[in-house]
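So the chains spell out like this:
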Amino acid sequence: MKLATYKLGGSERIGVVHGNNSMLFDLGAAAARRGLDGKSFASMLALIDSGERALDAARELFSRSVTEDDLSIPVSDTDLSAPLPEPRQMRDGMSFPIHIRQAPRGLRRLIARIENDTEELARIEAEPLPELPEVYRRQPIYYITNRFSVRGPNSTVQWPRYSKVMDYEMEFGIVTKNRAANIPAAKAREHIFGFTIFNDFSARDVQSGEMKGLLGPAKGKSFDGGNVLGPWIVTADEISDPYNLTMEVRVNGAMRSRSTSAGMLFSFEEMIAYISRDETLMPGEFIGSGTVGNGCGLELGRFLDDGDEVELDVERIGVLRNRVQQQT
């Protein structure tokens, strides 16, 4: 199933996406019509917390009632939210070798351009691509980002006033289910509720200065609306192999890059095993894959302009579309 969160008539609802991604089936209304307790369908977190029985109930409701036209509404008539508007935690990884190797050079190149240091820029351009640092092969690398700054598809991302260089980052990720610690990688698939797309918008000029502190990004990543999820969650049973999906970035309708989810240094299952070592993994967390190779402007040397529309297209999931707008 594809599961979405949307607003209609001032209330937040969850629904099953159908009709070639054009319709939303209202799970709460369907449960009420059948005289069922609809608490599990009050929100995406409620559904995740209610476990497999609730997910099975959602499938049965959809199967039995999808032909009842008044239980569905066109997606275009609703305000789609992030499928998980407030994750219990947000962790973002660094999993794709090409991005890991290219991004630091992109940051150095950006700094040289900001400082108008043409000699340094020439040196950087002449250097061979560095080897992958060994630490990325030893263990999953991730940071924790702001779970309160999440926005959804079709939202306008407000360019932070303190930044002059805005960038997109093409990622996908998982939403977790079940509460457990010390999860073996072989059992970790049981803790994946589903998959969604992540655009990790970044204020690159600010991030370039922060990374010199060796502690990770702060205001380069954390600003209202900078974490975008969507357009919906595809349940784990629908994607048997998430490690061979085509991923494409388009800016203003023109293809910027095309890549694949193949080649992650650590699978999501291995990431779950590592994260949950003596730490309880909660249902409703989001774990990002990290940026796919060539999946951001930093690697390509092409950043965003005011008003640009960015589309992240991931096979089997959908298209996450957002516009960026400079604040005055």
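This is a predicted model, so every value here is computed, not measured.

1. So, the packing of helix H4 (residues 97–114) against helix H5 (residues 118–126)
Contact pair H4 / H5: the axes reach a minimum separation of 8 Å and the direction vectors enclose 160°. Regarding the angle of H4 to H5, the classification is roughly antiparallel. Relative to H5, H4 is oriented so that their crossing is left-handed. On H5, the residues touching Arg105, Arg108, Arg109, Ala112 and Arg113 of H4 are Glu120, Leu121, Ile124 and Glu125.

2. Here we look at the environment of alanine 181
Following the sequence through the fold, alanine 181 ends up in the loop between strand S11 (170–176) and strand S12 (192–200). Looking at alanine 181, the relative accessible area reads 33%, which means it is partly exposed. Placed 48 residues apart in sequence, alanine 181 and proline 133 show a C-alpha to C-alpha distance of 29 Å. Beyond its immediate stretch of four places on either side in the chain, alanine 181 contacts Ser276, Glu279 and Thr280.

3. Considering the environment of aspartate 167
Along the polypeptide, aspartate 167 turns up in strand S10 (residues 166–167). Accessibility expressed as a relative area gives 0% for aspartate 167, which makes it buried. Note: C-alpha distance between aspartate 167 and aspartate 205 (38 residues apart in sequence) is 9.7 Å. With residues near it in sequence (within four places) discarded, aspartate 167 still touches Phe201, Ser202, Arg204, Cys296, Gly297, Leu298, Phe303 and Leu304. From its side chain, aspartate 167 meets the backbone nitrogen of leucine 298 in a polar contact 2.9 Å long.

4. Regarding the sheet that holds strand S9 (residues 156–159)
Reading across from one edge, S9-S19-S18-S15-S16 is the order of the 5 strands in this open sheet, with mixed pairing throughout. What marks the edges here is a single partner per strand, and that holds for S9 and strand S16 (254–260). The mean inter-strand angle of the sheet, taken between neighbouring strand axes irrespective of direction, is 20°. Where S9 and strand S19 (residues 318–326) come together, 4 bridges link them in parallel fashion. Note on S19: the bridge partner recorded for glutamine 158 is glutamine 325.

5. Some details on empty space enclosed by the protein
Taken as a whole and judged by the stated rule, the model has 1 cavity of 30 Å³ or more. Lining the largest cavity, in full, are Gly93, Met94, Ser95, Tyr136, Gln139, Pro140, Ile141, Phe266 and Met271. When the residues that make up the lining of the largest cavity are grouped by side-chain class, the tally is 6 nonpolar, 3 polar and no charged.

6. A closer look at the nonpolar core
Of all hydrophobic cores here, the largest spans 54 residues; its most connected members are Phe172, Phe195 and Phe201. It is helix H8 (residues 268–275) that provides the largest number of residues to this core, a total of 4 residues. Once residues within four sequence positions are removed from consideration, phenylalanine 195 is found in contact with Phe172, Gly173, Ile174, Arg189, Trp232, Ile233, Val234, Ala236, Ile239, Pro242, Phe268 and Ile317.

7. A word on the layout of surface pockets
Roughly 700 Å³ of volume is contained in the largest pocket. Residue lining of the largest pocket: 34 residues in total, with Met94, Leu107, Tyr136, Gln207 and Met211 positioned closest to the centre. Those elements that provide at least two residues to the lining of the largest pocket are strand S6 (89–93), H4, strand S7 (142–144) and helix H7 (204–210). Approximately 220 Å³ is the volume found for the second largest pocket. If you trace the second largest pocket, you find 13 residues lining it, with Leu80, Asn154, Trp232, Val319 and Arg321 closest to the centre. Those elements that provide at least two residues to the lining of the second largest pocket are strand S5 (79–80), strand S14 (227–235) and S19. Here the lining of the second largest pocket takes 4 residues from S19, the largest share from any one element. The class makeup of the residues in the lining of the second largest pocket is 7 nonpolar, 4 polar and 2 charged.

8. Quick word on the side chain of glutamate 299
By secondary structure assignment, the location of glutamate 299 is in helix H9 (residues 297–300). Of the side chains with opposite charge, arginine 204 comes closest to the buried, unpaired glutamate 299, at an N-O distance of 6.7 Å. Of note is the side chain of glutamate 299, whose polar atom sits 2.6 Å from the side chain of glutamine 102.

9. Quick look at helix H3 (residues 51–65)
Here H3 spans 21 Å end to end across 15 residues, near enough to the 21 Å set by a 1.5 Å rise per residue. Listed as buried for H3 are Ala54, Leu55, Ala58, Leu61 and Ser65. Looking down the long axis of H3, one finds its buried residues gathered within 120° of arc, a one-sided arrangement. In H3, those exposed residues whose orientation departs by more than 90 degrees from the buried face are Arg53 and Ser63. Against strand S1 (2–8), strand S3 (23–26), helix H1 (27–33), helix H2 (44–49), S12 and S14 lie the buried residues of H3.

Parameters at a glance
Residues numbered from 1 in each chain as written. Predicted model: local features only at pLDDT ≥ 70, side-chain atom pairs only at ≥ 80, totals over all residues. Heavy atoms only, no water. Axes fitted to C-alpha atoms, helices over the stretch in contact; angles between N-to-C directions. Helix = DSSP H or I, 4+ residues; strand = E, 2+ residues; numbered from the N terminus. Parallel < 35°, antiparallel > 145°, perpendicular 65-115°, else oblique. Left-handed = near helix turned anticlockwise from the far one by under 90°. Contact = heavy atoms within 4.5 Å. Buried < 20%, exposed > 50% of the residue type's maximum accessible area, 1.4 Å probe, protein only. Polar contact = N/O pair within 3.5 Å; in protein donor to acceptor, adjacent residues only side chain to side chain. Pairing = 2+ DSSP bridges. 1 Å grid on protein atoms, 1.4 Å probe; cavity = no way out; pocket = protein on both sides within 12 Å on 5 of 7 lines; lining within 4 Å. Points joined across faces, edges and corners; volume = space filled by probe spheres on them. Nonpolar A, V, L, I, M, F, W, Y, C, P; charged D, E, K, R; others polar. Core = buried A, V, L, I, M, F, W, Y, C linked by side-chain atoms within 4.5 Å. Lys, Arg positive; Asp, Glu negative; His and termini not counted. Salt bridge = Lys/Arg side-chain N within 4 Å of Asp/Glu carboxyl O. Expected span 1.5 Å × (residues − 1). Arc of directions from axis to C-beta.

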